[in-house]
Structures are given as structure tokens and as C-alpha cells.
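Structural features, examined
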Amino acid sequence: MTQNGDVSAAVLTVVGDVDTASAGRISAHATELLDTDDLQRLVVDLGQVSFMDSTGVGLLIQIRSACVRRGIDLVLSDVPRGTRVLLEISGLSDAFRLRDTPP
């Protein structure tokens, strides 16, 4: 997981599995970025995610809620097919702005 950003936008790059074992760490990094002064957009780059379970979907919902509370635009970038299917099955695909290309 890597972080990149300036005062108006930040990128959270998630690598590997997003499940119970990694969710706390990813959440902590997301919270750190969301607490940045003057942040206007958070891009979560999922292009290197190899697996996501329901815990990962819950994490995305948590990040989305935090962004809404802070008035921060959230974009999910380079979303793997399996993750898109999870979002569609759970009825959440319209709740997120998805971008096909990496940030």
C-alpha cells in the first residue's frame, strides 16, 4: 500500500488482498489521508488488488461515508472485475464513482 498526494487530492493505492487481515491497516491509511487539511478528492487505486471479500466492501463503504461527512470527493480507480461484480451484486455500484484507468 502506498500513498501519494498534495493538499487538494490524494491517492491511496491498495495492493494484494483486501480482507479481515488487511482492512484495519488500509482503514488507518485512509483515515490519515482523509484528515489532511484542504483535501478535496481521495482516489482509491484498486488496480493491484488480487482479492476482496465482504470485509473489503465494508471498508469501501466506511471510506465513502467518511468522505461524505468531510465533503471529499471519492473515486475508485482501476477497479478489478471481481470487485466490480461484488459492488454490483451488493447493489453498491451506483454508490461509487468508478474510473477505469489508474490515477
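Here the residue index of a chain counts from 1 through its sequence in written order. The predicted origin of the model limits local features to residues at a pLDDT of at least 70 and limits the giving and counting of side-chain atom pairs to 80 or more, whereas totals for whole chains, interfaces and linings rest on all residues. Based on all heavy atoms of the structure, the side-chain values leave hydrogens and waters out of the count.

**Structural notes on unusual backbone geometry**
The cut-off we apply is this: Each helix is a run of DSSP H or I of at least 4 residues and each strand a run of E of at least 2, with the numbering of both proceeding from the N terminus.
The phi torsion at Asp-38 lies on the positive side, around 65°, for a residue other than glycine. Position of Asp-38 among the secondary structure elements: in the loop between helix H1 (20-34) and strand S3 (41-52). Positive phi, normally seen in glycine, also occurs at Asp-78, with a value near 50°. For Asp-78, the position within the fold is in the loop between strand S4 (73-77) and helix H3 (81-89).

**Description of the pattern of salt bridges**
Side chains carrying opposite charge are able to pair once their charged atoms draw close together. Put simply, the rule is: Salt bridges are counted wherever a side-chain nitrogen of Lys or Arg sits within 4 Å of a carboxyl oxygen of Asp or Glu. Throughout, exposure labels follow a simple rule: accessible area from a 1.4 Å probe, protein chains only, divided by the maximum for the residue type, with under 20% read as buried, over 50% as exposed, and the rest as partly exposed.
According to the stated counting rule, one finds four salt bridges in the structure shown. Among the salt bridges present, the one from Asp-35 reaches Arg-70, with a minimum N-O distance of 3.0 Å. Of this pair, Asp-35 sits in the loop between H1 and S3 while Arg-70 sits in helix H2 (residues 54-70); the two residues are 35 residues apart in sequence, bridging distant segments of the chain. For Arg-70, a relative accessible area of 37% puts it in the partly exposed group. Asp-73 is the salt-bridge partner of Arg-97, the closest N and O atoms lying 2.7 Å from each other. One end of the pair, Arg-97, is in strand S5 (residues 97-99); the other, Asp-73, is in strand S4, with 24 residues separating them in the sequence.

**Let's talk about the nonpolar core**
Short version of the rule: Each nonpolar core is a collection of buried residues, namely Ala, Val, Leu, Ile, Met, Phe, Trp, Tyr and Cys, held together in the definition by side-chain atoms within 4.5 Å. Note on contacts: a residue pair is in contact if any heavy atoms of the two residues lie within 4.5 Å.
Counting 28 residues, the largest nonpolar core has Val-14, Leu-42, Leu-46, Leu-74 and Leu-76 as its most contacted members. Counting residues per element, the ones that place at least two in this core are strand S2 (9-18), H1, S3, H2 and S4. In this view, Leu-74 contacts Leu-42, Val-44, Ile-63, Arg-64, Cys-67, Phe-96 and Arg-97; residues no more than four positions away in its chain are not counted.

**Comments concerning the pairing of S2**
Using the following cut-off: Here a strand pair is declared whenever DSSP counts at least two bridges between the two strands. Clockwise travel from the first strand over the helix to the second, with the strands pointing away from the viewer, marks a crossover as right-handed.
Of all the 10 residues making up S2, seven are buried; the element is thus mostly covered by neighbouring parts of the structure. Relative to S3, S2 runs parallel, the two being bridged by nine bridges. Looking at S3, one finds that Gly-16 is bridged to Val-49. One crossover worth recording links S2 to the parallel S3 by way of H1, and it is right-handed.

**Description of the environment of Ala-10**
With respect to the helices and strands, Ala-10 occurs in strand S2. A relative accessible area of 4% places Ala-10 in the buried class. For the pair Ala-10 and Arg-41, spaced 31 residues apart in sequence, the C-alpha separation works out to 6.4 Å.

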